[in-house]
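Descriptive structure summary
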Amino acid sequence: MPIAAPSLARPADDARSMRFVRDHTTLTAVALVPELSLHLARQPFEIFQAADDIKAERPYWAFAWSGGQGLARWLLDNPSAVAGKRVLDVGCGGGILSE
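Attention in this report is confined to the structure presented alongside it. (Residues numbered from 1 in each chain as written. Predicted model: local features only at pLDDT ≥ 70, side-chain atom pairs only at ≥ 80, totals over all residues. Heavy atoms only, no water.)

1. Points about helix H2 (residues 44-53)
Along H2, the positions that sit buried rather than exposed are Ile 47, Phe 48, Ala 50 and Ala 51. Buried residues in H2, looked at end-on, bunch into an arc of 160 degrees, giving them a common side. The exposed set on the far side of H2, more than 90 degrees from its buried face, consists of Phe 45, Glu 46 and Asp 53. Where the residues of H2 are buried, they touch helix H1 (14-24), strand E1 (25-29) and strand E2 (37-41). Positive phi shows up at Lys 55, right after H2, with a value of about 60 degrees. (Buried < 20%, exposed > 50% of the residue type's maximum accessible area, 1.4 Å probe, protein only. Helix = DSSP H or I, 4+ residues; strand = E, 2+ residues; numbered from the N terminus. Arc of directions from axis to C-beta. Contact = heavy atoms within 4.5 Å.)

2. Considering the nonpolar core
Counting 8 residues, the largest nonpolar core consists of Phe 20, Ala 41, Ile 47, Phe 48, Ala 50, Ala 51, Ala 56 and Ala 62. Of the residues forming this core, the biggest block, 4 residues, is contributed by H2. Ignoring sequence-local partners within four residues, the contact set of Ala 51 consists of Phe 20, Ala 56, Glu 57 and Pro 59. Counting 7 residues, the second largest nonpolar core, distinct from the first, contains Val 33, Leu 36, Leu 38 and Ala 72. (Core = buried A, V, L, I, M, F, W, Y, C linked by side-chain atoms within 4.5 Å.)

3. Quick look at H1
Among all positions in H1, only Ser 17, Phe 20 and Val 21 are buried. Projected down its long axis, H1 shows its buried positions confined to an angular sector of 95 degrees, all on one face. Buried residues along H1 sit in contact with E1, E2 and H2.

4. Comments concerning the packing of aromatic side chains
For the coordinates displayed, the defined rule picks out 4 aromatic pairs. On the basis of an interplanar angle of 65 degrees and a centroid distance of 6.5 Å, the ring pair of Phe 20 and Trp 61 is categorised as edge-to-face. With a gap of 41 residues between them, Phe 20 in helix H1 and Trp 61 in the loop between H2 and helix H3 (66-77) connect regions that are remote in the sequence. Assessed through its relative accessible area of 6%, Phe 20 is described here as buried. Consider the rings of Phe 63 and Trp 65, whose centres lie 5.6 Å apart with planes at 45 degrees: the pair is tilted. (Phe/Tyr/Trp six-rings, centres within 6.5 Å; stacked < 30°, edge-to-face > 60°.)

5. Some details on the pattern of salt bridges
Across all of its chains, the model carries 3 salt bridges by this definition. Between Arg 58 and Asp 52 there is a salt bridge, and its shortest N-O distance comes to 2.9 Å. The shortest N-O distance in the salt bridge between Arg 73 and Asp 77 comes to 3.1 Å. Placement of both Arg 73 and Asp 77 in helix H3 is noted, with a separation of 4 residues, approximately one turn of the helix. Judged by relative accessible area, Arg 73 falls into the partly exposed class, the value being 23%. Because the salt bridges share partners, they merge into one network encompassing Glu 35, Arg 73 and Asp 77. (Salt bridge = Lys/Arg side-chain N within 4 Å of Asp/Glu carboxyl O.)

So this is what it looks like as structure tokens:
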């Protein structure tokens, strides 16, 4: 399973991104979709401060937003709705679906 990482300025920052994910998240089963485990923030305020400290983008990726969980749950329960189709998530907070 891919690990989401903060957006940093240079590809050379990949190791720093991975370290950031390890230091500030825990691999956690998602509440409404326990079939999925995501790297989620341990402490919301601390992860935002840590991102600010290293001049990274805000780590909104470190949260399983309820809208994304609900949609993921529905898609897992109703796979025929999207079978054989392309699905596009346009900024609706459903990034969880890409997993």
